[in-house]
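# Observations on chain architecture
In case you want the letters, here they are:
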Amino acid sequence: MTGRSLPPVLPSARVWQILRRCYPGQSPAAVLERALITLATADGHLTPGGQMKTGIGGRPAGRRTP
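The sections below set out a description of the structure shown in this document. (Residues numbered from 1 in each chain as written. Predicted model: local features only at pLDDT ≥ 70, side-chain atom pairs only at ≥ 80, totals over all residues. Heavy atoms only, no water.)

## Observations regarding the overall build of the protein
Here is the rule: Runs of H or I in DSSP of at least four residues are treated as helices and runs of E of at least two as strands, each being numbered from the N terminus. Whether two residues are in contact is decided by their heavy atoms: any pair within 4.5 Å suffices. Here the open area of atoms and residues is found with the Shrake-Rupley method and a 1.4 Å probe, where only the protein chains shown may cover a residue.
Counting its regular elements, the protein contains two helices and zero strands. The contacts of the protein with a sequence gap of at least 6 include a subset with a gap of at least 24, amounting to 0%. Counting only carbon and sulfur atoms, one obtains 61% of the accessible surface of the protein, whose full area is about 5,900 Å².

Below is the structure:
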């Protein structure tokens, strides 16, 4: 991180509806965090232990191609 604050993430109305209906009583931020980690792991950007994978030059590896 560079020390700069991150911009706020503003979910769409559809995402809010899914969060309210499917995950009642849970923190929306926690649900979105779990979802992003799951997606990044499935796409091959994270190791099974949750660490960032690095490609050539220390950059995150690109998206897998089918």
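The discussion continues.
## Let's talk about the packing of helix α1 (residues 13-22) against helix α2 (residues 28-42)
Convention followed: Throughout, an axis means a line fitted to C-alpha atoms (over the contacting stretch in the case of helices), and angles, computed between N-to-C directions, take values from 0 to 180 degrees. An angle counts as roughly parallel when it lies under 35 degrees, as roughly antiparallel when it exceeds 145, as roughly perpendicular when it falls between 65 and 115, and as oblique in every other case.
Between α1 and α2, the shortest axis-to-axis distance is 11 Å and the interhelical angle comes to 105 degrees. By the criterion of interaxial angle, the relationship of α1 to α2 is roughly perpendicular. On α2, the residues touching Val-15, Trp-16 and Leu-19 of α1 are Pro-28, Val-31 and Leu-32.

## Here we look at the environment of Arg-34
What counts here: Pairs of N or O atoms within 3.5 Å make up the polar contacts considered here, provided that, within protein, one atom can donate a hydrogen while the other can accept it, and that residues adjacent in sequence are counted only when both atoms are side-chain atoms.
Within the element layout of this structure, Arg-34 appears in helix α2. Discounting residues that sit within four places of it in the chain, Arg-34 has contacts with Tyr-23 and Gln-26. Engagement of the side chain of Arg-34 in a polar contact is seen with the side chain of Gln-26, the distance being 3.0 Å.

## Re α2
Inclusion rule: Under the convention used throughout, the expected extent of a helix is 1.5 Å for every residue step, that is, one less than its residue count.
Its 15 residues give α2 an end-to-end C-alpha distance of 21 Å, which sits within 8% of 21 Å, the value for a rise of 1.5 Å per residue. Count one or two residues on from α2 and you reach Gly-44, which has phi positive near 85 degrees.

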